[in-house]
Amino acid sequence: MSQPIVPRDLDVELSSVPRHWLFGNPTATAISNGVNLLFPHGERFFVRSVKYFLEQIDDPTLRQQIKGFFGQEGRHAHHHDEFNDVLRTQGFEIDRFLTSYKKLSGWLEAHTPPKLNLAITAASEHFTAILAEGAFTQQVLDAADPAMQRLLAWHAAEEIEHKAVAFDVLQQIDPSYALRIAGLVYATAVLGGFWLWGAIALGRQDGLTLRGMLRDMRSMKDRDPIVRRVFLRGIRQYLRRDFHPSDNHNEHLAEEWFAARGMKLPEAA
């Protein structure tokens, strides 16, 4: 619980981001945009699921980290809302998908017990931390448009920073292994399903077929085997009874990545 959680204000202009901003490749961009579509509503769900139990947390250090988590996730949601506006200006029809996504995920949230919502958040945060780690180690950010590079590097650094907060809240509220694994199953299905749906919806608007996207993904798997790296590795780790997010020693990656490029993280808010 020693890792500080520091909300930072990002100043970035996204209006000039090109349509195919990652590797100059429509498939890679559609896959990345597919998960970006999920962030605003998803981040706000994470905050709600943790906030529900805030008054039951007595540990002052964890309470302070929860507040930092709220600040970071709220800023992430705001900036990804701004990027969704850029997708609209690029001609992408995203609102049918977003309306369905919010309606379905909202129904699921309302009909899911609060402890399971918290467990879903803890597992999802594990996946996003692994996704963030890969952004720094798989040269993904170096292949991105500079504005998107700034957005995603800032987001990735903070995802790693707060990777254990929801998990630690879950352990204090209900340390049941069965509950933790139920959250993992739910998060895998929901995150994977919505991500795939969003990526296909965007890819089709660039003239891509599912078969063509799968072919492109196979050709890119040596560059970043994202399914194996995020989901298979994440599930394997999370199934360990003694697992904790801090077992992944990736806290140094953001500082090293920024320093190697003569860049700095944004200042604390």
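Chains are numbered independently. Their residues run from 1 in the order of the written sequence. Only residues with pLDDT of 70 or above have their local features reported here, since the model is predicted, and side-chain atom pairs are shown and tallied only from 80 upward, although totals for entire chains, interfaces and linings are computed over all residues. Excluding hydrogens and water, the side-chain figures rest on all heavy atoms present in the structure.

Draft legend 1. Quick look at the overall build of the protein chain. Numbering of helices and strands starts at the N terminus; helices are DSSP runs of H or I of at least 4 residues and strands are runs of E of at least 2. Each helix and strand in the protein chain was counted, giving 10 helices and zero strands. Reading the helices (α) and strands (β) of the protein chain from amino to carboxyl end gives α-α-α-α-α-α-α-α-α-α. Overall size of the protein chain, expressed as C-alpha extent along the three principal axes, is 50 × 45 × 30 Å. Summarising the internal contacts of the protein chain: among those between residues at least 6 apart in sequence, 86% fall at separations of at least 24. All accessibility values rest on the Shrake-Rupley procedure with a 1.4 Å probe; residue burial counts only the protein chains present in the view. Accessible surface for the protein chain amounts to roughly 12,500 Å². Of this, 55% is attributable to carbon and sulfur atoms. Whether two residues are in contact is decided by their heavy atoms: any pair within 4.5 Å suffices.

Draft legend 2. Structural context of the packing of aromatic side chains. Pairing of aromatic rings covers Phe, Tyr and Trp, the last counted by its six-membered ring, and requires centre-to-centre distances within 6.5 Å; plane angles under 30 degrees mean stacked, over 60 mean edge-to-face, and any other angle means tilted. Considering all chains together, one arrives at 15 aromatic pairs under this definition. Ring centres of tryptophan 21 and phenylalanine 83 lie 6.4 Å apart, and the angle between their planes is 90°; on these two criteria the pair is classed as edge-to-face. One end of the pair, tryptophan 21, is in the segment before helix H1 (26-51); the other, phenylalanine 83, is in helix H2 (residues 60-89), and 62 residues separate them in sequence. Under the relative-accessibility criterion, tryptophan 21 is labelled buried at 3%. Relative accessibility thresholds used throughout: buried, under 20% of the residue-type maximum; exposed, over 50%; partly exposed, between the two (1.4 Å probe, protein chains only).

Draft legend 3. Spotlight on the side chain of glutamate 159. Along the chain, the position of glutamate 159 falls in helix H5 (residues 146-161). For the purpose of charge, His is not counted, nor are the chain termini; Lys and Arg are scored as positive and Asp and Glu as negative. Any carboxyl oxygen of Asp or Glu that lies within 4 Å of a side-chain nitrogen of Lys or Arg is treated as forming a salt bridge with it. Within the buried set, glutamate 159 has no salt-bridge partner at all; the shortest N-O distance to an opposite charge, 11 Å, is to arginine 8. A distance of 3.4 Å separates polar atoms of two side chains, one belonging to glutamate 159 and the other to histidine 76. Once residues lying within four places of it in the same chain are set aside, the contact partners of glutamate 159 are Glu43, Glu73, His76, Glu125, Thr128, Ala129 and Ala132. Here a polar contact is taken to be a pair of N or O atoms separated by no more than 3.5 Å, where protein atoms must pair a possible hydrogen donor with a possible acceptor and residues adjacent in sequence count only if both atoms sit in side chains.

Draft legend 4. Main features of the packing of H1 against helix H7 (residues 177-205). Note on definitions: angles span 0 to 180 degrees between N-to-C directions of axes, and those axes are lines fitted to C-alpha atoms, for helices only across the stretch in contact. Two elements in contact, H1 and H7, have axes separated by 7 Å at closest approach and are oriented at 125°. Classified by the interaxial angle, the pair formed by H1 and H7 is oblique. Crossing angle aside, the handedness with which H1 passes H7 is right-handed. Of H7, the residues touching H1 (which contributes Ala30, Ile31, Asn33, Gly34, Val35, Leu37 and Leu38) are Leu191, Phe194, Trp195, Gly198, Ala199, Leu202 and Gly203. The class makeup of the residues in the contact of H1 with H7 is 10 nonpolar, four polar and no charged. Our angle categories are set so that under 35 degrees counts as roughly parallel, over 145 as roughly antiparallel, 65 to 115 as roughly perpendicular, and the remainder as oblique. Throughout, a crossing is termed right-handed when the near helix is turned clockwise from the far one, and left-handed when it is turned anticlockwise from it by less than a right angle. Classes in brief: Ala, Val, Leu, Ile, Met, Phe, Trp, Tyr, Cys and Pro nonpolar; Asp, Glu, Lys and Arg charged; the others, Gly included, polar.

Draft legend 5. Just empty space enclosed by the protein, in detail. Cavities and pockets were defined on a 1 Å grid built from protein atoms only: a cavity is a group of points that admits a 1.4 Å probe but offers it no way out, a pocket is an open group of points flanked by protein on both sides within 12 Å along at least five of seven lines, and a lining residue is one with an atom within 4 Å of any such point. Grid points are joined across faces, edges and corners, and a volume is the space filled by probe spheres set on the points. This structure, assessed with the given rule, holds three cavities of 30 Å³ or more. By volume, the largest cavity amounts to about 360 Å³. Along the walls of the largest cavity sit 22 residues, with Gly42, Phe45, Phe46, Tyr101 and Val190 positioned nearest its centre. Listed by contribution, the elements that provide at least two residues to the lining of the largest cavity are H1, helix H3 (95-110), helix H4 (114-137) and H7. For the lining of the largest cavity, the element with the most residues is H1, which contributes eight residues.

Draft legend 6. Representation of the side chain of threonine 112. Positionally, threonine 112 belongs in the loop between H3 and H4. Take threonine 112: its relative accessible area is 9%, and that puts it in the buried class. Separated by 2.5 Å, the side chain of threonine 112 and the backbone oxygen of leucine 108 make a polar contact. The contacts of threonine 112, once residues within four sequence positions are left out, are Asn117, Ile120 and Tyr186.

Draft legend 7. Inspection of the nonpolar core at higher detail. In plain words, nonpolar cores are sets of buried Ala, Val, Leu, Ile, Met, Phe, Trp, Tyr and Cys residues tied together by side-chain atoms within 4.5 Å. In this structure, Leu14, Ile66, Phe136 and Val169 are the most contacted members of the largest nonpolar core, which totals 82 residues. Take this core: its biggest share by element is 12 residues, from H4. Once you skip the residues sitting within four places of it in the chain, valine 169 turns out to touch Val50, Phe53, Ile57, Leu62, Ile66 and Leu118.

Draft legend 8. Highlighting the layout of surface pockets. In this structure, the second largest pocket occupies an estimated 220 Å³ of space. As for the second largest pocket, its lining consists of 14 residues, and the residues nearest its centre are Arg8, Glu161, Ala254, Glu255 and Leu265. Elements represented by at least two residues in the lining of the second largest pocket include exactly H5 and helix H10 (253-260). Ranked by the residues each element gives to the lining of the second largest pocket, the list is headed by H10, at four residues. Each residue belonging to the lining of the second largest pocket can be placed in one class, and the counts come to seven nonpolar, two polar and five charged.

Draft legend 9. Region of interest: H5. Helix span is expected to be 1.5 Å times the residue number reduced by one. The terminal C-alpha atoms of H5 lie 22 Å apart, and with 16 residues this matches the ideal 22 Å at 1.5 Å per residue to within 8%. Most of H5 sits out of view: 14 of its 16 residues are buried. Where H5 begins, one side-chain oxygen reaches toward the backbone nitrogen of alanine 147, 3.1 Å away; that side chain belongs to aspartate 145.

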